[in-house]
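Each chain, letter by letter, is given below.
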Amino acid sequence: MSTSQGPPDPKYVRSQRLWRLVRRAAFAGLVVALFAVVGYFLQGAPQTACSCAIVDPKVAVTAAPGVFIGTPTRVLHGRDSDLYEFQVTEVFHGEVGSTTTVATSSTSDCGTSFTIGRPSLLLAAAPYSVGADWQAHGCGPDVSATELRAVAQAAYGPAHAPTAGGDEITTWTRFNYKVPHVLQLLILAALGCVAVAAYATRALHRHAPLAAAPDDGDTIAR
């Protein structure tokens, strides 16, 4: 018994070529995304220099958006900044909750750090780190905490209690610090390429039997 089969359907040939092209493009995108992820880790965090000028205590206190006293209870180390969670006890200036988060640069000479469990008087700026309510830096007036408190009281009067509630270091915050937005996008791009490649491969296999199936022009000879 022999069979004869006519030429393949042009629509089928075009669809197969299209799916193969899609699959190749997806695999190429996956390779690029994986190389970008590896390069992200290899390049390291950028280091920046900083020069701190002498700051007048009164100018520093009155220019700070947030002036408060708090005790750091937890710290989250990130790629280029550290995030501290503070329990706030006294507020001189600014809308500060009883719990707040303060970021400090870990790649700049102007960065600073806090000791867990030791109260600090903060002159905090607006945040530029993800997940932080405030930003702290190492450039400030070269005076003792007692003198700085006296300047704050002179500028704003007696300290008051913080507002109820506030922000904490959450699981989502930890994820953002461990996996920055750039890396999140690269990972999503890689997963998207995998999904597209898998779908294109499935489409090729789903239509593959059509190539061997006899069409209306086939004849069977005995």
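Conventions we followed
- Residues numbered from 1 in each chain as written.
- Predicted model: local features only at pLDDT ≥ 70, side-chain atom pairs only at ≥ 80, totals over all residues.
- Heavy atoms only, no water.
- Helix = DSSP H or I, 4+ residues; strand = E, 2+ residues; numbered from the N terminus.
- Contact = heavy atoms within 4.5 Å.
- Areas by Shrake-Rupley, 256 points an atom, 1.4 Å probe, with all protein chains shown as cover.
- pLDDT = per-residue confidence, 0-100.
- Core = buried A, V, L, I, M, F, W, Y, C linked by side-chain atoms within 4.5 Å.
- Buried < 20%, exposed > 50% of the residue type's maximum accessible area, 1.4 Å probe, protein only.
- Expected span 1.5 Å × (residues − 1).
- 1 Å grid on protein atoms, 1.4 Å probe; cavity = no way out; pocket = protein on both sides within 12 Å on 5 of 7 lines; lining within 4 Å.
- Points joined across faces, edges and corners; volume = space filled by probe spheres on them.
- Nonpolar A, V, L, I, M, F, W, Y, C, P; charged D, E, K, R; others polar.

A.B. asks: Just to check I follow, could you spell out the overall build of the protein chain for this structure?
C.D. replies: Helix and strand counts for the protein chain stand at six helices and eight strands. Tracing the protein chain from N to C terminus, the helices and strands come up as β-α-α-β-β-β-β-β-α-β-α-α-α-β. Long-range contacts, defined as pairs at least 24 residues apart, comprise 76% of the intrachain contacts of the protein chain with a sequence gap of at least 6. When the accessible surface of the protein chain is totalled, it reaches about 13500 Å², and 61% of it is carbon and sulfur.

A.B. asks: Which parts of the structure should I look at to understand the confidence of the model for the protein chain?
C.D. replies: As a general rule, the predicted coordinates of low-pLDDT regions are not to be interpreted in detail. Across the protein chain, pLDDT averages 79, with 77% of residues at or above 70. In the model, residues 210–222 has pLDDT below 50 throughout and makes 18 contacts with residues more than four positions away in sequence or in other chains.

A.B. asks: Help me understand the nonpolar core, please; the structure alone is not making it clear to me.
C.D. replies: Nonpolar side chains in soluble globular proteins tend to be buried together. Counting residues in each nonpolar core, the largest one holds 12 residues, listed as Phe 68, Tyr 84, Phe 86, Val 88, Val 91, Val 96, Val 102, Phe 114, Leu 122, Ala 124, Trp 134 and Ala 136. Among the elements that line this core, the one with the most residues is strand E3 (residues 81–93), at four residues. Counting residues in hydrophobic clusters, the runner-up holds eight residues, among them Val 67, Phe 92, Leu 148 and Ala 152.

A.B. asks: What am I meant to see in helix H3 (residues 145–156) here?
C.D. replies: Here H3 contains 12 residues, and its C-alpha end-to-end distance of 16 Å stays within 8% of the 16 Å for a straight helix at 1.5 Å per residue. Count one or two residues on from H3 and you reach Gly 157, which has phi positive near 85°.

A.B. asks: So what exactly am I meant to see when it comes to the layout of surface pockets here?
C.D. replies: In this approach the atoms are scanned with a rolling probe the size of a water molecule, which exposes any empty space left behind. Its volume calculated, the largest pocket comes out at about 600 Å³. Looking at the largest pocket, it is lined by 25 residues, and the ones nearest its centre are Leu 121, Leu 123, His 137, Cys 139 and Gly 140. At the level of elements, helix H2 (57–63), strand E5 (120–124) and H3 are the ones that each hand at least two residues to the lining of the largest pocket. Among the elements that take part in the lining of the largest pocket, E5 stands out by supplying five residues, more than any other. For the lining of the largest pocket, a count of residues per class yields 17 nonpolar, eight polar and no charged.

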